[in-house]
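# Summary of structural features
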Amino acid sequence: MGFLMLKKNKRFWQRVALQSHYDAVIIGGGLHGLATAYFLARQHGMTNVAVVEKEYIGFGGAGRNTAIVRANQRTPENIPLYREALELWPVLTEELDFNLMFNNCGNLNLMHSEAAMNAARMNVATAQFHGVESHLIDARQCKELVPALNISEDITFPIIGAMYHPPGGILRHDAVVWGLAKSASRLGVHIHQHTETTSIGVENHKIVSVDTNRGKIYTPRVLLAAGGYSAAISYAMLGIKLPISVLTIQAMVTQPLKPILDHVVSSGAYHAYANQTLKGEIATGAHMDPWPNYTTHTTAYYIKHQAEALAELLPCLRGVKFMRHWAGLADMTPDMAPILDGNDLIEGYYMDCGWGYFGFKSCAATGKYMAQFMASGQCSDILKPFALRRFAQHRLMGETAALVNYSPDN
Amino acid sequence: MNRLEKLPTLRINPAHPISFTYKNKTCQGVSGDTIATALYANGIRIFSRSLKYHRPRGLYSLDGESCNTFMEVDRIPNVCAETTRLRDGMTVNAQNVKGTPEFDLLGFLDKLDWAMPAGFYYRSLHKPAWIWPIALKQVRKAAGLGKIAPDFHIPGKYDEIYPQTDVCVIGGGAAGMSAALAAARQGLRVILLESRPWLGGFFDYRTVEYAGGVPLYRRARDLVQQLEQTPNVRIFTHTAMIGAYHHNLITAFQKGTETDHFDERYIEIQAQSIIVATGCIERPLLFENNERPGVIQIGCAHRLAYSFGVLPGKRAVFSVGHDLGIEAAIDLFDLGLEIPCLADIREDGQDAYLVARLAERNIPLLRGWIAVQAHGKTVKKATLSPIDGSQQRDIECDLLVASAGMTPVTAPLSLLQATLSFDDHTGFFLPIKLPPQVHAAGRLLGLTNSLSIEASGRLAGISAAADCGRQDVSKLNEAREELSRLPGPQRGSKLVTAPLKGRKTFICFDEDTTVKNIRQAIQMGFDEPELVKRFTAAGTGPGQGGIPGHNLPLFIAQTNSDGDVKTKATTVRAPLVPAFIATYAASKHDMCKRTPVHDMQEKAGGMMRRIGVWQRARYFSQDLSCREEIENVRNNVGMLDASTLGKFRIWGPDALKALQRMYVSDISRVCEGKIKYSAMCNEDGCIIDDGVIVKRAENDYYFTTSTGRAGSTVEWFRYHTRYDGWNFYMVNLTDVFGVINLAGPNALRVLEKVADTYLSNEALA
Amino acid sequence: MSLIIRCPICGKRSAYEFRYGGEDKGPRPDEDSLTPESWCDYVHMNQCVAGIQKEWWCHRDGCGLWFTIHRDTINNLEVQHPEAQS
């Protein structure tokens, strides 16, 4: 039973004093910040790195998302990043020596009209072209995969079929945070919790320092990876506006059940997804209240909406109880693609934000390439399409059929 | 029936038996029973097996603070037996067992705890890599409590209501009732929510004197009577508050009785002012095997006898930290419970009157003593020790009534964004800052004196009335003075754990988290209560933190070596009581619009589909290929119901200017009586809509849009002209006209018949 | 969270009756001096203030009016007198 033997309870990450100089400061102790720190230390030998986190690691989106991963994005620019991230989970599990609990259960994206089925055909073709497994199945096949699904005609949006993506699945979000933090810390990265960034020092268009509530840090490089707060920090501290709207996204779980749902099921028409966690809870969510705010409060409106959706899609769940409902922040861009940029407006200033609710899926791959970018100053091709300048150049990506900018254009 | 029948406090009717099935055997309960009390009366002590270790679990509290009494009832999983009323013909079964709750084949897992330290899953099962996919399947099977069938359909009626009120009082104990009465007497509409099936709270089952020779339960019933005679108070019993949101929006769900038209209903209350009077639950005592069946809380033992007529055991050891424990011992002794001794964590500070009554009954009081271990699968013996652990004494018993103290139920206040802070005197997390229009009253503030509890309720009621515009300064001052003259919060016991030796002291029952697990987590660097909670899962189970909510932060603060970790409560999340998805979804019915030809199309075999807010025929063929239909349109003529398209009239001096801004074409070139096709773009240059524009007269146009944007077109025009102050009117005519689209080579001929005139392409151009 | 908004015509109503219309960025840029950057700034860029911001709302399920309010994005409450708070 070798796999059961555990080492003594060593500290996962060390508490260290804040130093006055670091080679890089990463704002945000979430998935992207920690992943970048980890890869900086592991692959580029840059270990004099500080991750500064206002709360505790994994407090924000990292600890609030439902950790669904997939690579069947819509556009050729996005797919490679998500595909590589998907392939990285088993590798990372080994590298970090931490069980990230990847459950490769596959994702079903339900279609409720012939028109939607046709649109999905395009999506599937793009994915297949880029070597990502994805195909269309009909309602009967959906029912075989998910016996609890209601494929009858008498619901608001009858199910016509689905886009089935077997390589996708779910992970344990906290495991990814702690695994990355543990390994980064052991490689020498300093993780400073309860350390709030108060200003960023710039001289001659170059980053020189970061001020925190625990002291000043001199550094030539800063990575903004503060999730929902990135846009506010960028504008308040550097005067750089970002094409971001910060919305509250909610999710909830039911009481734990024995296995009933073996795949991730999602539906655009119902604004809902559902999957079963390893603990047996049905995790579900998707909708966002369409006005920006920084609260992480839930709404009565939404838990009811979600119940109505599940009651139609998976009617046996009517006999199950919701147990916990929470919210996090999503930094939405108009084209549902992130802003990955650096060394452009200010030398040494890097950005990894605007992920909306996709931040979990590709954190590992993004961290790897952002680390390379920060270590070398050179942006790799895979990140180039995500530059901030794409908005002024009218090169928005088509991750959604319509713009998502929460003005009446949408 | 083995029930105590003569007690005036009873909430059951022993004369009305109820039959139900448990483990395929018919059992008897009585009207007023919950499933759990009926089972307990039938001698059942083990109700379930725990999540991880499959340890036997029994009745511990009566308000659903843990999943100890979760059972499968009429095929519904995870039913909380202690808060669900018994109904005739119910089929009850244990869940998460292989065998029976008494003899569970997976019980051996309890011996494997050494292999499953804190964070076990994170640190194992991934090496070698091939092991994980196999382990994953087993982990999934072992996880989860209840089982649900994919074709399961929960029966029953689920309703919803949305009442508005001036004052909403949460908690129907003495403080809540006093508050409701005080607010109602100011002429306001009051809603009172109580999660139990009756009002009364801590007063309901107790016989000690309230004042002037009146016992507490009598006082509670007097208050209930006063409330029932107050027409502006609406009482919801068996109604658990589940959520609280900005602007005093409260959600709750009510369980129906046989006479209600619903089984459960969702209630969303919009209140001006809120009073939280949710009282206290008990803080579990932490000792070895502290969750064995037979270990129960004070209130549970007390209420089993006085509300449900079930003497909870034969011989009970008490280990308590609060006067309510002494009072319960006296009351239960008087009903025939043998009590070899009562250990009290407190060295002093006990109520002298209660101590005297203990002495009268020859019940030894062990001051500064505590239970350190329970023995037996169900309790057979208890080990007691002084709190310094200097000596031990074993006492045989079949019941161990254990409680460390009280825990205020502050979760509703947390959801309402009140600021809570650890209070050294009471050992409670108490509100130090309440948001406007939110008040707190009663036992949750640490008050224990009955008169103080009522007075604080009255003060809250009068303060809430002031929020609603019924300011009565003299009354308010009077209430304040009255409260200040009465005893304030009592000193609370802050002891966290008994002197511990073993490995099986459970801080969270639902997740099988032991005190040892918490220590391990802290050693690994998880020093934030919130991180400890996530890493060990303590408090993330269906009991919503009812068991670990208070002990966990106290224990972490005590255990953490560096002093900079403050005693901090963990986050509270809605729903405070788990609620059925059926209840949340309630009576949702789909609302949609129908076009003028709807019935005709349906009769013709149209496959009706939802499109936006409409129902519309999508096709008429037998299969999706629609070959016949397509060929008929190509070769003959076809008719499409286009009534759902957006239709608008825009007119006024600036109508043309507005159209020019919205459309990509030059609309000024459309002549009177003529029509033009064009598209609209968003500000990023993407086409978002198309349609035709007809010029009716100067600055008077009719235009059409797609179905999807019909609802937002007016708002869109107004948005893009919001800074301009232009003068134009718009009216949405979408629902006014039906539209038929005629297509095919014979379209013109059909149209001629309808129009009764000669038509040609040239004439229409 | 729930949001109640004060419509100038209809009074206090639930935010679900309204539509959010973005940060108040002032009128669209003058067409004569338009650059891709200034248009992008107007269309896409936001200040994302964590605090009080002036913003547009439309009472969609009511009178249909477009109007501005001040709202604190930290606690999601409408602010009646922003000048007194800042």
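Residues numbered from 1 in each chain as written. Chains lettered and ligands numbered in written order. Predicted model: local features only at pLDDT ≥ 70, side-chain atom pairs only at ≥ 80, totals over all residues.

## Comments concerning the overall build of chain B
In plain terms, the rule: Helix and strand assignments follow DSSP, with helices taken as H or I runs no shorter than four residues and strands as E runs no shorter than two, numbered in order from the N terminus. A residue is called partly exposed when the number of other C-beta atoms within 10 Å of its own lies between 12 and 20, exposed at 12 or fewer, and buried at 20 or more, with C-beta atoms placed from the backbone. A residue pair is marked as a contact if its C-beta atoms, positioned from the backbone, fall within 7 Å.
Counting its secondary structure elements, chain B contains 21 helices and 42 strands. With the principal axes as the frame, chain B shows a C-alpha extent of 115 × 75 × 60 Å. Within chain B, the fraction of its 765 residues that count as buried is 50%. Put simply, of all contacts in chain B between residues at least 6 apart along the chain, 64% involve residues at least 24 apart.

## Side note on the overall build of chain C
Along the backbone of chain C there are two helices and six strands. In chain C, the succession of helices and strands from N to C terminus is β-β-β-α-β-β-β-α. Counting only C-alpha atoms and orienting by the principal axes, one finds that chain C spans roughly 40 × 30 × 20 Å. Across the 86 residues that make up chain C, the buried fraction comes to 29%.

## Details of the packing of helix α13 (residues 529-536) of chain B against helix α14 (residues 548-559) of chain B
Residues and elements named next belong to chain B. As a reminder, the rule being used: The angle between two axes is taken between their N-to-C directions and runs from 0 to 180 degrees, where each axis is a line fitted to C-alpha atoms and a helix contributes only its stretch in contact. Convention used here: angles under 35 degrees read as roughly parallel, angles over 145 as roughly antiparallel, angles from 65 to 115 as roughly perpendicular, and any remaining angle as oblique. Rotating anticlockwise by less than a right angle from the far helix to the near helix defines a left-handed crossing, while the corresponding clockwise rotation defines a right-handed one. All amino acids are sorted into three groups, where Ala, Val, Leu, Ile, Met, Phe, Trp, Tyr, Cys and Pro are nonpolar, Asp, Glu, Lys and Arg are charged, and the leftover types, Gly among them, are polar.
It is the contact of α13 with α14, at a shortest axis distance of 10 Å, that shows an interaxial angle of 115 degrees. It follows that α13 is roughly perpendicular to α14 by the angle criterion. Our pair here, α13 against α14, has a crossing hand that is right-handed. Residue-level contacts link P529, V532 and K533 of α13 to L552, P553 and I556 of α14. Looking at the contact of α13 with α14, its residues break down into five nonpolar, no polar and one charged.

## As for the interface of chain B and chain A
Reports of interface size often rely on the accessible area that becomes lost once the parts have come together. We apply this condition: Think of it this way: DSSP has to see at least two bridges between two strands before they count as a pair.
Counting residues at the interface gives 69 residues for chain B and 61 residues for chain A. Per-element accounting of the side of chain B that touches chain A gives the leading share, six residues, to helix α3 (residues 131-142) of chain B. When grouped by side-chain class, the residues that make up the side of chain B that touches chain A number 37 nonpolar, 14 polar and 18 charged. As judged from the two bridges shared by strand β17 (residues 321-332) of chain A and strand β32 (residues 579-580) of chain B, these two strands associate in the antiparallel manner. Looking at β32 of chain B, one finds that K321 of chain A is bridged to F580 of chain B.

## Observations concerning the interface of chain C and chain A
Taken together, the contact pairs 24 residues of chain C with 30 residues of chain A. Elements supplying a minimum of two residues to the side of chain C that touches chain A: β3 (19-23) and α1 (36-43) of chain C. In the side of chain C that touches chain A, the residues fall into twelve nonpolar, nine polar and three charged.

## Quick notes on the sheet that holds strand β4 (residues 52-58) of chain C
Residues and elements named next belong to chain C. Taken in spatial order, the four strands of this open sheet run β3-β4-β5-β6, and their pairing is antiparallel. Of all the strands in the sheet, the pair left with one neighbour each is β3 and β6 (77-79). Direction aside, neighbouring strands of the sheet carry axes that sit 50 degrees apart on average.

## Considerations on the sheet that holds strand β12 (residues 222-224) of chain A
Residues and elements named next belong to chain A. The strand order β8-β2-β1-β12-β19-β18 describes an open sheet built from six strands, whose pairing is mixed. Each edge of the open sheet carries a strand with a single partner, namely β8 (190-192) and β18 (339-342). Along the sheet, successive strands turn relative to each other by an average axial angle of 15 degrees, direction set aside. Relative to strand β19 (residues 349-353), β18 runs antiparallel, the two being bridged by four bridges. Looking at the pairing, I339 lines up with C353 of β19. Here helix α1 (residues 31-44) sits on the sheet and contacts β1 (24-27), β2 (49-52), β12 and β19; the angle it forms with β2, its principal contact strand, is near 170 degrees.

## Some remarks on the domain arrangement of chain B
Residues and elements named next belong to chain B. The following threshold applies: The domain limits used here are those given by an automatic or database domain assignment.
One can read the domain layout of chain B as domain 1 (13-108), domain 2 (158-281 + 408-485), domain 3 (283-404 + 497-559) and domain 4 (593-755). Taken together, the contact pairs 25 residues of domain 1 with 24 residues of domain 3. Looking at the side of domain 1 that touches domain 3, the elements that each hand over two or more residues are α1 (35-41) and β4 (56-57). No other element matches the three residues that α1 contributes to the side of domain 1 that touches domain 3. Taken together, the residues that form the side of domain 1 that touches domain 3 break down as twelve nonpolar, eight polar and five charged.

## Remarks on helix α12 (residues 515-523) of chain B
All names here are of chain B. When α12 is considered as a whole, its buried residues turn out to be V515, N517, I518, Q520, A521 and I522. Where α12 is buried, its residues meet β30 (506-508), β31 (513-514), α13 and α14. A positive backbone phi angle near 105 degrees is found at G525, which sits one or two residues after α12.

## As for the pairing of strand β2 (residues 25-31) of chain B
Residue and element names in this part refer to chain B. Where strand β1 (residues 13-22) meets β2, seven bridges bridge the pair, whose relative direction is antiparallel. Bridged to I18 within β2 is G29. Hairpin connection from β1 to β2: two residues lie between these consecutive antiparallel strands, with K23 at a positive phi of about 50 degrees.

## A closer look at unusual backbone geometry
Residue and element names in this part refer to chain B. Residues K127 and P128 are joined by a peptide bond in cis, for which omega reads -10 degrees. Secondary-structure assignment places P128 in the loop between α2 (120-123) and α3. Here the amide bond leading from A574 into P575 is cis, since omega sits at -10 degrees, within 30 degrees of zero. Counting through the fold element by element, P575 comes out in the loop between α14 and β32. Of note, the phi angle at N24 is positive, near 65 degrees, even though the residue is not glycine. Relative to the helices and strands, N24 resides in the loop between β1 and β2.

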